[in-house]
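# Chain and residue survey
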Amino acid sequence: MKLLQPVPLDEIRAARSRIQGRAIRTPLVRLNAGALPVDVFLKLENLQPIGSFKLRGAANALGLAGPEQLKRGVWTASAGNMAQGVAWCARQLGIPCSVVVPDTAPAAKSAAIERLGARIIKVSFADWLEVFRTRTYDGMDGLFIHAFADSAVMAGNGTIGLEIQEDLPDADVVLVPYGGGGLACGIASAMRALNPNIKVYACEVETAAPLAAAMTAGNPVEVSYTPSFVDGIGSPAVFEDMWPLASKLLDGSLVVGLTEVADAIRTLAERNHVIAEGAGAAPVAAALAGKAGTGKVVCIVSGGNIDLHKLAAIFEGRIP
Amino acid sequence: MISLDDVYAARKIIGDKLVRTPLLLNEALSARLGRPIYLKLENLQKTGSFKPRGVLTKIAALNAEEMARGLITISAGNHAQALAYAARASGLHCTVVMPATAQATKVANTRGYGAEVILHPDHITLLERMQTEQEAHGYVFVPPFDDPYVIAGQGTVGLEIMEDLPGAAALIVPIGGGGLISGIATAVKGKNPATRVYGVEPEGAPTMFNSLAAGHAVHLDRVNTIADGLAAPFAGVLTYEIVRELVDDVVLVSDAEIAAAVPALVEAAKIVPEPAGAAALGALLVGRITLPAEGPVVVIVSGGNLDPARLAALIAPQQ
């Protein structure tokens, strides 16, 4: 494949009209958290119809593909949220959808994928990771939608940046959860073009923080990876195709602990009455820990898909 | 009676001081119920409920002498937080008499907004306790629901819905004392008389349901419901008249039916409703309401103020 480039602003603007009617324009609200040294804003992507931002990229990628490309259906590899995004769009278009999922995927996400009418193929975590590199899997047919290393998907994700710029033109910092990097690089592409002074940081959880390690080392390195309730982000290494883009577009990676993420989930529920999954709360955890400094900090609350029993544990003050 | 013009006037007063809350089509609930289901997210409103809409409208109608005397109210929590918030924003004194059983979060938030909180042990004599305090200090009472300005303010919820979804077939609204539904019905019927408005009350606090049966606004001897936001022990005189005139039906839901709607909203909409905010969906999920044959239905999620420990108990899978 060709080297990934920052997404041009006109492609992001085109994506915006392409996804209209599928993804919603999500609210940007203030975190109701009393007196803080930092002014925290929440971009509530958890309020998207499928509970995460992934609809934006999926809808744009499918909208760009012609009927000829779509006639044998679509497939993707995803731990959950991208699968729901692609499945939801495929159902709207009336085409078949298959999803390769790791056998570690949480039950809530698998069940949600099946409810949307997609076929699930469970594979080992290692085999699943391999699909992101090879873009093939035995028995799969139709158009493959890569969850992050795809310019159409990143253009769709970048529409979040357009909305932030309109709603809060004087934002100082944007914090984005970093899983595959498609969300962070999509938003950073937009912000760089619209507001050269803004800082865009990735957020990772300490049990799986390959971007921070890569930025320290100057190139992708293997890190220890411990699965946790923060299942939407984190992997043993930065995806190689994304590294040139991420290292160019992002100002750094802020790493938070599991306890800080759980506290942020509880704060979001108690103060703003919304549900965030671990990945979606990681930016809020980073902002509240002061890692993004002072000023106006926009946190991308990327999704809200989390098993109820894990959520209940967090609300009781435990780490699930 | 209140008119649609009063609601427009309230909206002008509120201006951009509050959030124009989103009205969102919910995919999962629409699939489950076989028709478009929209959620009006008042849990995303400032102070976590629709209440500041009415309070701001009421305060704007006070004169300087009244404002100088300070404000007082009774509330289990959401009206208390809204009044405390609005009073602080206007630099006014605020005292709130709350039942001792009020949720810790709501009491803490009310104090956090700078109000003096008096915890009273008995739900039924709350009003008398408030009157004693009011007379002792000369405070101005800001009613939680039975007031034309408060009702007009709450009506802005209905106005926003009709602007966002003019073709709404029906709205489902929770009822405590009736302020929210009175305002909404005034706005909705003023915009489109064909749109139905249904009220939902807990079985343990059937103030409006019993008032409609009795033919006048009634007081209850006791209230008992998990929906603390709907536990008003009496219906308003004004709200009763408006509900009788404009609301298509009022139905009851059990605590279990309300409780089941809390995890349903957490999962389907990624939001935190308090039990009062889930009551309308609870009635819809069990088919308690006879809806028009087709068309989109709007469910009002009136608030989201809930202690995390109570939320945990409501969403934890049953053993």
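The preceding data block contains the structure.
All of the points below concern the structure found in this document. (Residues numbered from 1 in each chain as written. Chains lettered and ligands numbered in written order. Predicted model: local features only at pLDDT ≥ 70, side-chain atom pairs only at ≥ 80, totals over all residues. Heavy atoms only, no water.)

### Considering the overall build of chain B
A count of helices and strands for chain B gives 14 helices and ten strands. Since a compact globule built from 319 residues should have a radius of gyration of about 20 Å, the 18 Å found for chain B is in line with a globular shape. Summarising its shape, the C-alpha atoms of chain B cover approximately 55 × 50 × 40 Å along the three principal directions. Out of the 319 residues in chain B, the part that is buried amounts to 63%. Put simply, of all contacts in chain B between residues at least 6 apart along the chain, 73% involve residues at least 24 apart. Just so you have it, chain B exposes about 11300 Å², and 52% of that area is on carbon and sulfur atoms. Positive and negative side-chain charges in chain B, numbering 24 and 31 respectively, have mean positions lying 5 Å apart. (Helix = DSSP H or I, 4+ residues; strand = E, 2+ residues; numbered from the N terminus. Rg over C-alpha atoms; globule rule 2.2 N^0.38 Å. Buried < 20%, exposed > 50% of the residue type's maximum accessible area, 1.4 Å probe, protein only. Contact = heavy atoms within 4.5 Å. Areas by Shrake-Rupley, 256 points an atom, 1.4 Å probe, with all protein chains shown as cover. Lys, Arg positive; Asp, Glu negative; His and termini not counted. Charge placed at Lys NZ, Arg CZ, Asp CG, Glu CD.)

### Brief notes about the packing of helix α11 (residues 258-271) of chain A against helix α13 (residues 308-315) of chain A
All names here are of chain A. The interhelical angle for the contact between α11 and α13, taken along N-to-C directions, is 90°, at an axis separation of 9 Å. Considered as vectors, α11 and α13 are oriented roughly perpendicular to each other. On α13, the residues that touch A262, I265, R266 and A269 of α11 are L311, I314 and F315. Class assignment for the residues of the contact of α11 with α13 results in six nonpolar, no polar and one charged. (Axes fitted to C-alpha atoms, helices over the stretch in contact; angles between N-to-C directions. Parallel < 35°, antiparallel > 145°, perpendicular 65-115°, else oblique. Nonpolar A, V, L, I, M, F, W, Y, C, P; charged D, E, K, R; others polar.)

### Notes on the interface of chain B and chain A
At the junction of the two partners, chain B supplies 25 residues and chain A supplies 25 residues. Three residues stand out in chain B for area buried against chain A, namely E27, K270 and P308 of chain B, and they jointly supply 29% of the buried area on that side. On the surface where chain B and chain A come into contact, there are one salt bridge. Connecting chain B to chain A are eight residue pairs in polar contact (both at pLDDT 80 or more). Elements represented by at least two residues in the side of chain B that touches chain A include exactly α6 (104-112), α12 (255-269) and α14 (308-315) of chain B. (Buried area = accessible area lost by both parts, 1.4 Å probe. Salt bridge = Lys/Arg side-chain N within 4 Å of Asp/Glu carboxyl O. Polar contact = N/O pair within 3.5 Å; in protein donor to acceptor, adjacent residues only side chain to side chain.)

### Examining empty space enclosed by the protein
Considering all chains together, one arrives at one cavity of 30 Å³ or more under this definition. There is about 70 Å³ of room inside the largest cavity. Around the largest cavity, the lining residues are N32, E270, R271 and H273 of chain A together with T47, G48, Q81, N109, Y113 and N305 of chain B. Here the lining of the largest cavity is composed, by residue class, of one nonpolar, seven polar and two charged. (1 Å grid on protein atoms, 1.4 Å probe; cavity = no way out; pocket = protein on both sides within 12 Å on 5 of 7 lines; lining within 4 Å. Points joined across faces, edges and corners; volume = space filled by probe spheres on them.)

### Comments concerning helix α5 (residues 78-90) of chain B
All names here are of chain B. Between its first and last C-alpha, α5 extends 18 Å over 13 residues, near the 18 Å set by a 1.5 Å rise per residue. Turning to α5, its buried residues number three or more, namely N78, H79, A80, Q81, A82, L83, A84, A86 and A87. One or two steps after α5, the chain reaches G91, where phi turns positive at roughly 70°. (Expected span 1.5 Å × (residues − 1).)

### Things to note about the side chain of D147 of chain B
Residues and elements named next belong to chain B. Here D147 shows up in the loop between β6 (140-141) and α8 (148-164). Within the structure, the side chain of D147 is placed 2.8 Å from the backbone nitrogen of Y149, a separation counted as a polar contact. For D147, the side chain forms a polar contact with the main-chain nitrogen of V150, separated by 3.1 Å. When neighbours within four sequence positions are excluded, D147 is seen to be in contact with K58 and L238.

### Brief notes about the state of the cysteines
Residues and elements named next belong to chain A. Going through the model one piece at a time under the given rule, you end up with zero disulfides over all chains. No disulfide involves C203; its nearest neighbouring cysteine sulfur is the one of C299, lying 7.2 Å away. Residue classification places C203 among the buried positions, given a relative accessible area of 0%. The exposure class assigned to C299 is buried, which follows from its relative accessible area of 0%. (Disulfide = S-S within 2.5 Å.)

### Here's the deal with unusual backbone geometry
Residue and element names in this part refer to chain A. Although it is not a glycine, R135 adopts a positive phi angle of roughly 60°. Along the chain, R135 falls in the loop between α6 (125-134) and β6 (143-145). Here R135 falls in the partly exposed class, since its relative accessible area comes to 24%. Phi is positive for H273, close to 60°, though the residue is something other than glycine. Mapped onto the elements of the fold, H273 is located in the loop between α11 and α12 (278-288).

### Structural notes on the packing of aromatic side chains
Residues and elements named next belong to chain A. What the rule picks out here adds up to eight aromatic pairs over all chains. Residues W75 and F144 carry aromatic rings whose centres are separated by 4.5 Å and whose planes lie at 50° to one another, so their mutual orientation is tilted. On the criterion of sequence distance, the pair formed by W75 in strand β3 (residues 74-77) and F144 in strand β6 is long-range, its members being 69 residues apart. Residue W75 is classed as buried on the basis of its relative accessible area, which comes to 3%. Ring centres of F125 and Y225 lie 5.3 Å apart, and the angle between their planes is 10°; this geometry places the pair in the stacked category. In this pair, F125 is assigned in helix α6 and Y225 in the loop between α9 (210-217) and α10 (243-249), connecting sequence segments 100 residues apart. Overall, the relative accessible area of 28% leaves Y225 in the partly exposed class. (Phe/Tyr/Trp six-rings, centres within 6.5 Å; stacked < 30°, edge-to-face > 60°.)

### A short note on the sheet that holds strand β5 (residues 116-120) of chain B
All names here are of chain B. Spatially, the four strands line up as an open sheet ordered β5-β4-β3-β6, and their pairing is parallel. Across the chains shown, the open sheet's two edge strands, defined by having one partner strand only, are β5 and β6. Where α6 meets the sheet, its contacts fall on β4 (94-99) and β5, and the angle it forms with β5 comes to roughly 150°. (Pairing = 2+ DSSP bridges.)

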